[in-house]
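Structural overview for review
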Amino acid sequence: MPKPLWLVRPRPDGGCDYVSFQSAPAGEVEMREGSHLPPQMPLLKRRHRLAADEAERCRRQLQQEGGYLHSEPLF
């Protein structure tokens, strides 16, 4: 994943859950999971470092099973 990738899933309260994937040192990918309910500050729930192939599998699973859609960066 050469450039940042954002996945977003809307919530009934008007907010959204998000997952972002960004390149990290040593060929890894940093995955950040959180939620956002404007105008509040985003909440970071989890942060992981994954191998690139594992990050790709996780992205596919989130989109196919988790209801996440590709998005422009939220913030």
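Residues numbered from 1 in each chain as written. Predicted model: local features only at pLDDT ≥ 70, side-chain atom pairs only at ≥ 80, totals over all residues. Heavy atoms only, no water.

**Quick word on the nonpolar core**
Leu 5, Leu 7, Val 19, Phe 21, Val 29, Met 31, Leu 50, Ala 55, Leu 62 and Tyr 68 form the largest nonpolar core, which has 10 residues in total. When contributions to this core are tallied by element, the ones reaching two or more residues are strand S1 (5-10), strand S2 (16-23), strand S3 (28-36) and helix H1 (52-65). In this structure Val 19 touches Leu 5, Trp 6, Leu 7, Met 31, Arg 32, Glu 33, Leu 62 and Tyr 68, once residues within four positions along its chain are discounted. (Core = buried A, V, L, I, M, F, W, Y, C linked by side-chain atoms within 4.5 Å. Buried < 20%, exposed > 50% of the residue type's maximum accessible area, 1.4 Å probe, protein only. Helix = DSSP H or I, 4+ residues; strand = E, 2+ residues; numbered from the N terminus. Contact = heavy atoms within 4.5 Å.)

**Here we look at the pattern of salt bridges**
Tallied over the entire structure, the rule returns 10 salt bridges. Between Asp 13 and Arg 11 there is a salt bridge whose closest N-O contact spans 3.0 Å. Owing to a relative accessible area of 47%, Asp 13 belongs among the partly exposed residues under this scheme. Classification of Arg 11 as partly exposed rests on a relative accessible area of 22%. Between Glu 30 and Arg 47 there is a salt bridge, with its nearest N and O atoms 3.0 Å apart. With Glu 30 in strand S3 and Arg 47 in strand S4 (residues 43-51), this residue pair connects regions lying 17 residues apart in the sequence. Accessibility expressed as a relative area gives 9% for Glu 30, which makes it buried. One network of salt bridges, in which partners are shared, links Arg 9, Arg 11, Asp 13 and Asp 17. (Salt bridge = Lys/Arg side-chain N within 4 Å of Asp/Glu carboxyl O.)

**Some words on the pairing of S2**
The element S2 is extensively covered by neighbouring structure, given that 6 of its 8 residues are classed as buried. Here S1 hands over to S2 after 5 residues, with Gly 14 in that stretch at a positive phi of 95°. Relative to S3, S2 runs antiparallel, the two being bridged by 8 bridges. Looking across to S3, one finds that Gln 22 is bridged to Glu 30. (Pairing = 2+ DSSP bridges.)

Interpretation in functional terms is not warranted from these geometric data alone.
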